[in-house]
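A closer look at the structure
So you can see what is in the structure, the chains are spelled out below.
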Amino acid sequence: MIDNRSPVALEQEVKLPFDTARDARDAITAAGGRLVVARRLLDDRLYDTADEWLRHAGQALRVRQDAAEGVITYKGPAQPGPVKSREEIETVVASPDQARAILEALGFRPWFHAQKYREEFALRATRATIDETPIGVFVEIEGAPPDIEQAANLLGRSRHDYVLESYPRLYQTWCASHAGADPHRMVF
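None of the values given here were measured: they were computed from a predicted structure.

**A few points about the overall build of the protein**
- In terms of helices and strands, the protein carries 5 helices and 9 strands.
- Tracing the protein from N to C terminus, the helices and strands come up as β-α-β-α-β-β-β-α-β-β-β-α-α-β.
- Against the globule reference of 16 Å for 188 residues, the protein gives a C-alpha radius of gyration of 16 Å, in line with a compact fold.
- Expressed as lengths along the three principal axes of its C-alpha atoms, the size of the protein is roughly 50 × 45 × 35 Å.
- Within the protein, the proportion of its 188 residues that are buried is 44%.
- Contacts spanning at least 24 positions in sequence make up 64% of the contacts within the protein whose residues lie at least 6 apart.
- Taking the 24 positively charged and 29 negatively charged side chains of the protein as two groups, their mean positions are separated by 1 Å.

So, in structure tokens, the structure goes:
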């Protein structure tokens with residue numbers, strides 16, 4: 001699940017919308033993708049300071065629960081370019097609950113809760129994931145920009161189809177047209 005080869009990495013990715021998870025899976029397997037991590041539920045909590053300093057700086061602090069395992073992640077501001085690129089530092093934690101308690105004891109507050117079902121595929125030089133979210137299905141492709149473009153093309157997509165926004169931003173946009181939706185809870 002997590003690649004801990006180096007403590008600081010540059011995450012480079014795009015999202016591609018698909019109508020259904022089956023459509024996404026069929027496109028990935030037809031392109032030669034190989035399943036490497038089976039479908040499972042991810043539960044993410046994003047944290048920030050009371051004055052929203054991290055969000056204003058374009059940064060993110062996340063605790064993810066993936067089955068019994070947890071991961072704490074820092075994401076830096078997005079850099080300009082054809083794909084979403086940002087610094088990412090993450091590590092596995094034994095207890096997501098304890099990690100959340102530590103952040104809250106330090107003054108960080110949860111501001112966004114998201115869930116998604118995810119399955120992961122190796123697709124040439126990229127990692128392609130199918131994310132089933134409450135607002136739709138997305139294939140997220142991670143890798144070097146030329147490899148991302150090649151993988152997207154194999155899926156029948158181009159740069160014009162790239163979605164570079166984060167799930168919180170996509171969800172808040174979705175909430176604007178769905179009365180009564182809580183913009184801080186993208187959960188099933």
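**Concerning the pairing of strand β1 (residues 9–18)**
- Most of β1 is tucked away, with 7 of its 10 residues classed as buried.
- The pairing of β1 with strand β5 (residues 84–93) spans 5 bridges and is antiparallel. When the sheet's bridge partners are listed, E11 is paired in β5 with R86.
- Direction of pairing for β1 relative to strand β8 (residues 136–142): antiparallel, over a ladder of 6 bridges. The partner of P17 across the bridge, within β8, is F138.

**Describing the nonpolar core**
- Counting residues in each nonpolar core, the largest one holds 21 residues, and the members touching the most others are F18, I130, V139, I141 and L155.
- With 4 residues, helix α1 (residues 21–30) is the largest single contributor of residues to this core.
- Residues within four places of V139 in sequence aside, it is in contact with V14, K15, L16, F18, A24, I28, A128, T129, I130 and L155.
- The next biggest cluster of nonpolar side chains, apart from the first, holds 12 residues, and it includes W111, F112, I135 and Y167.

**Focus: α1**
- What α1 keeps buried is the set A21, A24, A27 and I28. Projected onto a plane normal to the axis of α1, the buried residues spread over an arc of 130° and lie on a single side. For α1, exposure combined with an orientation more than 90 degrees from the buried face picks out R22 and A30.
- Where α1 is buried, its residues touch β1, β6 (109–123), β7 (126–133) and β8.
- Taken from the residues just after α1, G32 is the one with a positive phi, measuring 100°.

**Structural notes on helix α4 (residues 145–154)**
- Inspection of α4 places I148, A151 and A152 among the buried residues, and these make up the whole buried set. Each buried residue of α4 lies within a common arc of 100° when the element is viewed along its axis, so the set occupies one face.
- Lining the buried residues of α4 we find β1, β6, β7 and β8.
- Just downstream of α4, G156 is the residue with a positive phi angle, here 80°.

**What about the pairing of β6?**
- Along β6, 12 of the 15 residues are buried, which leaves the element largely enclosed by surrounding structure.
- When strand β2 (residues 34–48) meets β6, the two strands line up antiparallel, connected through 12 bridges. By the bridge assignment for β6, R45 is matched with H113.
- Of the strand pairs in this sheet, β6 and strand β9 (residues 185–186) are connected by 2 bridges, and their pairing is parallel. Bridge pairing in β9 links H113 to R185.
- Two strands pair when backbone bridges link them, and β6 and β7 are joined in this way by 7 bridges, in the antiparallel orientation. Within β7, the residue paired with A122 across the bridge is R127.

How each quantity is defined
- Residues numbered from 1 in each chain as written.
- Predicted model: local features only at pLDDT ≥ 70, side-chain atom pairs only at ≥ 80, totals over all residues.
- Heavy atoms only, no water.
- Helix = DSSP H or I, 4+ residues; strand = E, 2+ residues; numbered from the N terminus.
- Rg over C-alpha atoms; globule rule 2.2 N^0.38 Å.
- Buried < 20%, exposed > 50% of the residue type's maximum accessible area, 1.4 Å probe, protein only.
- Contact = heavy atoms within 4.5 Å.
- Lys, Arg positive; Asp, Glu negative; His and termini not counted.
- Charge placed at Lys NZ, Arg CZ, Asp CG, Glu CD.
- Pairing = 2+ DSSP bridges.
- Core = buried A, V, L, I, M, F, W, Y, C linked by side-chain atoms within 4.5 Å.
- Arc of directions from axis to C-beta.

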